[in-house]
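# Coordinates in review
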Amino acid sequence: MLRLAAALLLLAAPLFAQTDPLPSWREGAAKSAILDFVAAAADPASQGFVPEPERVAVFDNDGTLWAEQPIYVQATFIFDRAARLAAADPAWATTPALQAAAAGDVAGVLSGGTEALLEVVNAATTGMSVETFVAEVADWLATARHPDTGLLYTQMVYEPMLELLDLLRDNGFETYIVTGGGQDFVRAFAETSYGIPPQNVIGTVLETRFEIIDGVPEVMRAPGVAFIDDGAGKPVGIVRGIGRRPVFVAGNSDGDKEMLDWATAGPDPRMGLLVHHTDADREWAYDRESAIGGLDAAPDAGWVVVDMAEDWTTVYPDR
């Protein structure tokens, strides 16, 4: 009987060993490149070995870890909050940009450019403590649904990327988000949605100041932008927030190019990954012409380009 049990265990061992860590990825060049890179990075006998303290992996958020069309989720939150503030106090909307935001006229605000958008962001969130803002974002995300899919925004994270995050962490990588979105906004859900703690989120930072409010020390949101974590700002944000050049970096748009360039310019081994939105049936198909997440032709830089339609068997969890 003991011999039979031992034989069964021996037969079962290869099955356990062959468990696919990326079940939502189709077999192909992208999946193979990821698995090979991670296996080599964790194997001290491999030429691609990376000492564990140097196993830093960074991910863009919008369009890389969750959906970004037809408008960034954070912008939807800001417009929703502006409408609520205007409904509570009609005198709140004192400028054309604020009036457009209160009416839900996204195009009207965007026609005013970055200045108008920042005006709305500042008016809608200045005077809140950072902790209050994060809590309000979390509450909003608990019920807010995408206008096209009807899903909660937090249900529109990409299952294949969640698997990739788990694979990296299981092999000793520290995972970070490096986003052009608001740092505090992403910190409200990153740990719950991705397993990435708030201190591992680097993003665009609005001005803040320390105040004593009714005898309680608070860090308050203030007008203005302290740091824009997009384009050339992303490598700067990584240096400031992490202090190491990543060995794995994932993005999806031209706003990630400098981060990919810089990370993969370091000594080998390195991996850069681009998510290309090619799936009009299950998500959206877009690249260079899109105002959101625009991506020019994939550069010949040795990066792995993920074709969403071809490389992923599923997009969102449980769908």
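Residues numbered from 1 in each chain as written. Predicted model: local features only at pLDDT ≥ 70, side-chain atom pairs only at ≥ 80, totals over all residues. Heavy atoms only, no water.

### Here's the deal with the sheet that holds strand 3 (residues 201-213)
Worth spelling out the cut-off: In this scheme, strands are said to pair when DSSP sees at least two bridges between them. Helix numbers and strand numbers start at the N terminus; a helix is a DSSP run of H or I with at least 4 residues, a strand a run of E with at least 2. Structural elements are reduced to axes, namely lines fitted to C-alpha atoms, with helices fitted over the stretch in contact, and the angle between N-to-C directions of any two is expressed from 0 to 180 degrees. By definition in these notes, contact holds between two residues if any of their heavy atoms fall within 4.5 Å.
As summarised here, the arrangement of the 7 strands in space is 4-3-2-1-5-6-7, forming an open sheet in which the pairing is mixed. The open sheet has two edge strands with one neighbour each: strand 4 (216-227) and strand 7 (304-307). Across this sheet, the average inter-strand angle for adjacent strands is 30°, counted without regard to direction. As judged from the 3 bridges shared by strand 1 (residues 56-59) and strand 5 (residues 248-251), these two strands associate in the parallel manner. Following the sheet pairing, Ala57 is matched in strand 5 by Phe248. Lying on the sheet, helix 6 (residues 113-125) is in contact with strand 3 and strand 4; it crosses strand 4 at an angle near 175°.

### Concerning the packing of helix 3 (residues 73-88) against helix 6
Using the following cut-off: Here the angle decides the label: under 35 degrees means roughly parallel, over 145 means roughly antiparallel, 65 to 115 means roughly perpendicular, and every other value means oblique. Throughout, a crossing is termed right-handed when the near helix is turned clockwise from the far one, and left-handed when it is turned anticlockwise from it by less than a right angle. All amino acids are sorted into three groups, where Ala, Val, Leu, Ile, Met, Phe, Trp, Tyr, Cys and Pro are nonpolar, Asp, Glu, Lys and Arg are charged, and the leftover types, Gly among them, are polar.
Axis separation between helix 3 and helix 6 bottoms out at 9 Å; the angle between their running directions is 60°. For the element pair helix 3 / helix 6, the angle class is oblique. Here the hand of the crossing between helix 3 and helix 6 comes out left-handed. For the pair formed by helix 3 and helix 6, the contact residues are Ile78, Arg81, Ala82 and Leu85 on the first element and Val120, Val121, Ala123, Ala124 and Thr125 on the second. When grouped by side-chain class, the residues that make up the contact of helix 3 with helix 6 number 7 nonpolar, 1 polar and 1 charged.

### Describing the side chain of Gln183
Which entries qualify depends on this criterion: We call two N or O atoms a polar contact when they sit within 3.5 Å, provided that within protein one can donate a hydrogen and the other can accept it, with sequence-adjacent residues counted only if both atoms are side-chain atoms.
The residue Gln183 is located in helix 9 (residues 183-187) in this model. A distance of 3.1 Å separates a polar side-chain atom of Gln183 from the backbone nitrogen of Gly203. Apart from the residues lying within four places of it in its own chain, the contact partners of Gln183 are Val201, Ile202, Gly203, Thr204 and Val205.

### Some details on the pairing of strand 6 (residues 271-276)
Put simply, the rule is: Relative accessibility decides the category of a residue: with a 1.4 Å probe and only protein chains considered, values under 20% of the type maximum give buried, values over 50% give exposed, and everything between is partly exposed. Crossover handedness is defined here as right-handed if the route from the first strand over the helix to the second strand goes clockwise, with the strands pointing away from the viewer.
Counting buried residues in strand 6 gives 5 out of 6 residues, a clear majority hidden from the surface. Both strand 5 and strand 6 contribute to a ladder of 4 bridges, which runs parallel. Counterpart to Ala250 in the pairing with strand 6 is Leu273. In this fold, the crossover linking strand 5 to strand 6 by way of helix 12 (residues 257-264) has right-handed handedness. Strand direction decides the pairing type here: strand 6 and strand 7, joined by 4 bridges, are parallel. Residue pairing for strand 7: Val275 is matched across the bridge by Val306.

### Focus on helix 12
Rules: The reported arc concerns the directions from the helix axis to the C-beta atoms and nothing else.
Among all positions in helix 12, only Met259, Leu260 and Ala263 are buried. Down the axis of helix 12, the smallest arc covering the buried residues is 95°, so these residues share one side. Elements in contact with the buried residues of helix 12: strand 1, strand 2 (174-182), helix 11 (233-241), strand 5 and strand 6.

### So, the environment of Pro23
Structurally, the position occupied by Pro23 is in the loop between helix 1 (2-17) and helix 2 (29-41). Owing to a relative accessible area of 49%, Pro23 belongs among the partly exposed residues under this scheme. On a C-alpha basis, the gap between Pro23 and His276 in space is 19 Å, while along the polypeptide they are 253 residues apart. Filtering out sequence-adjacent residues up to four positions away, Pro23 remains in contact with Glu163 and Thr313.

### Here's the deal with a nonpolar patch on the surface
Test applied: In this scheme, patches are assembled from residues that exceed 30% relative accessible area and form no salt bridge. Like charges are connected within 9 Å, while nonpolar side chains (Val, Leu, Ile, Met, Phe, Trp, Tyr) are connected within 5 Å. Exposure was quantified through the Shrake-Rupley algorithm and a 1.4 Å probe, taking into account, for residues, occlusion by the shown protein chains and nothing else. A carboxyl oxygen of Asp or Glu within 4 Å of a side-chain nitrogen of Lys or Arg is what we treat as a salt bridge.
Taken together, the side chains of Phe210, Ile212 and Val219 make up a nonpolar region of the molecular surface, amounting to roughly 310 Å² of accessible area. Of the residues examined, Val219 reaches a relative accessible area of 41% and is grouped as partly exposed.

### So, helix 2
Stated formally: Helix span, as expected, comes to 1.5 Å for every residue beyond the first.
In this model, helix 2 (13 residues) spans 18 Å end to end at C-alpha, consistent with the 18 Å of a helix rising 1.5 Å per residue. Along helix 2, the positions that sit buried rather than exposed are Ala30, Lys31, Ile34, Phe37, Val38, Ala40 and Ala41.

### Points about the confidence of the model for the protein chain
For any part of a model where pLDDT is low, the fine detail of the predicted coordinates should not be relied upon. Defined as follows: Confidence scores labelled pLDDT are given residue by residue by the predictor and lie between 0 and 100.
For the protein chain, the mean per-residue pLDDT works out to 92, and 93% of the residues sit at or above 70. Low pLDDT, under 50, characterises residues 4-17; the predicted model gives this stretch 0 contacts beyond four residues in sequence or across chains.

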